[in-house]
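Residue-level structure breakdown
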Amino acid sequence: MFPYAHDDFVQLESKSSLADIPVLFADIQVTPLRQVDVWRASKTWFDAFLDDPLIQYLSENKQSSVIQRPAYMAVLARWIYTKITLTVNKGAALIIATPVKQEPAVGMQRVMDSLTKWVMRKVERMGRKESRKRLKEVREKLDKVVAETLGDRKEQMLYIDLVATEPKSQGHGYGGALVDAVTTLADLMGQATWLQSSNIDNTEFYNSHGFVTVGKAYIGDDNPEWHGGPVIVSIMVRECRSQPLIDEKA
C-alpha cells in the first residue's frame, strides 16, 4: 500500500471521498484538480496531445486547433464536478477518470453541463464537413470495438478518460503516479479499469501499470482524404488486484 499524506484514509466511505484528499505515490503528491488549476491543466492537455496521432487526424486544419484550448477548459471545468479529477503540481499533470456510478447532475453540475454542451456544439459547427465525418468515423469504430471486447462489462469498470503531462514536466513519474492513484482506487472498489490509447508509443507505459491490450480500432484506413497511415487506438484493461475495501452500497 502506498503511504497517504495524512490519516483521513481510514475514514473513507466512498470513492468520491478518496478523490478529495492528497495522497503520495512514489513520493509524488497527487491532489484533486481545482477550478483555479483549469487554465494550466487545459494547456497541459493541449500541449501533451499536439503530436497524438488521433488528434492530428481529427484536427485537419489550423482553425480546429485554435478552438481546442477553450473547449478543453470548458470540459475540464465541468469534469471537476462529475468525474475523478486528479493532478500533480496544480495542473502540470492530470488524470481524469469516470466512476462506475454517477449521480444525476444538480446545482453547479447542471450549469457546467449546459455550458459544456453549448461550447462543444459551437466547436463541431465550426469544423468543416471533413472534420465532422472523421469525428463520426472515430466514434462509430471505437464504439464497435469497445462493444465487442468489453460488452456489458464496461458498465462495471472504471474508465480513464485522459492522462496528460506538460512537456517540460515529463520524465518525472507524474503520469505513473496519477495512474497508480486511480487504479488503487479501482482496486479498493473491486473494479477493473479500462482506457483507450491513441498513441502506440504509450503502450509500454500502460503495460508497466498493469494494462493489457484487448482490442484495436483502425482509424482513417478507409478515408481517401487521409494521406497518413491508419491511426491505431488500443482498448486496454487492467484487472482488479484486490478484494474491495469500500462497499458502494454502504
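Here is a short report on the structure shown in this document. Since we're looking at a predicted model, the values are computed, not measured.

1. Some words on the nonpolar core
Judged by nonpolar contacts, the single largest core of 24 residues is most densely connected at Leu86, Ile95, Leu158 and Ile160. The set of elements that each furnish at least two residues to this core consists of strand E2 (28-32), strand E3 (84-88), strand E4 (93-98), strand E5 (158-165) and helix H8 (174-189). Considering every element that reaches this core, the biggest residue donor is H8, with 9 residues. With residues up to four places along the chain from it excluded, the contact list for isoleucine 160 reads Ile95, Ile96, Ala97, Val182, Thr193, Trp194, Leu195 and Phe211. With 17 residues, the next largest nonpolar core counts Val138, Leu150, Met157 and Val233 among its residues.

2. With respect to the packing of aromatic side chains
Applying the stated rule across the entire model yields 7 aromatic pairs. Taking 5.9 Å as the distance between ring centres and 75° as the angle between the ring planes, the aromatic pair formed by tyrosine 206 and phenylalanine 211 counts as edge-to-face. No difference in accessibility class separates tyrosine 206 from phenylalanine 211, as the two residues are buried. A network of ring pairs unites the aromatic residues Trp45, Phe46, Tyr72 and Trp79 as a single cluster. Over the face of the ring belonging to tyrosine 57 we find arginine 134, whose NZ or CZ atom lies 4.7 Å from the ring centre.

3. Let's talk about the pairing of E3
For E3, the buried fraction is high: 5 of the 5 residues fall into the buried class. Residue alternation in E3 divides its side chains into two sets, Ile84, Leu86 and Val88 and Thr85 and Thr87, and both sets are buried. With 2 bridges joining them, E2 and E3 adopt antiparallel strand pairing. Residue pairing in the sheet places proline 32 in a bridge with leucine 86 of E3.

4. Looking at helix H7 (residues 129-149)
One turn of the α-helix equals 3.6 residues, which is why residues spaced by three or four share an orientation. Look at H7: 31 Å from first C-alpha to last across 21 residues, which is about the 30 Å you get at 1.5 Å a residue. In this structure, the buried residues of H7 make contact with helix H3 (53-58), strand E6 (193-197), strand E7 (212-219) and strand E8 (231-238). Following H7 by one or two positions, glycine 151 has its phi on the positive side, about 60°.

5. Remarks on the environment of phenylalanine 49
Looking at where phenylalanine 49 falls in the secondary structure, it is placed in the loop between helix H2 (38-48) and H3. C-alpha of phenylalanine 49 to C-alpha of asparagine 199: the two residues are 150 residues apart in sequence and 9.4 Å apart in space. Not counting the four nearest positions on each side in its chain, phenylalanine 49 is found in contact with Ile55, Leu162, Val163 and Ala164.

6. Examining the side chain of arginine 238
The topology assignment puts arginine 238 in strand E8. Within the structure, arginine 238 has its side chain in polar contact with the side chain of aspartate 187 (distance 3.0 Å). Once residues lying within four places of it in the same chain are set aside, the contact partners of arginine 238 are Thr183, Asp187, Ala192, Thr193, His209, Gly210 and Phe211.

About the cut-offs
Residues numbered from 1 in each chain as written. Predicted model: local features only at pLDDT ≥ 70, side-chain atom pairs only at ≥ 80, totals over all residues. Heavy atoms only, no water. Core = buried A, V, L, I, M, F, W, Y, C linked by side-chain atoms within 4.5 Å. Buried < 20%, exposed > 50% of the residue type's maximum accessible area, 1.4 Å probe, protein only. Helix = DSSP H or I, 4+ residues; strand = E, 2+ residues; numbered from the N terminus. Contact = heavy atoms within 4.5 Å. Phe/Tyr/Trp six-rings, centres within 6.5 Å; stacked < 30°, edge-to-face > 60°. Lys NZ or Arg CZ within 6 Å of the ring centre and 35° of its normal. Pairing = 2+ DSSP bridges. Expected span 1.5 Å × (residues − 1). Polar contact = N/O pair within 3.5 Å; in protein donor to acceptor, adjacent residues only side chain to side chain.

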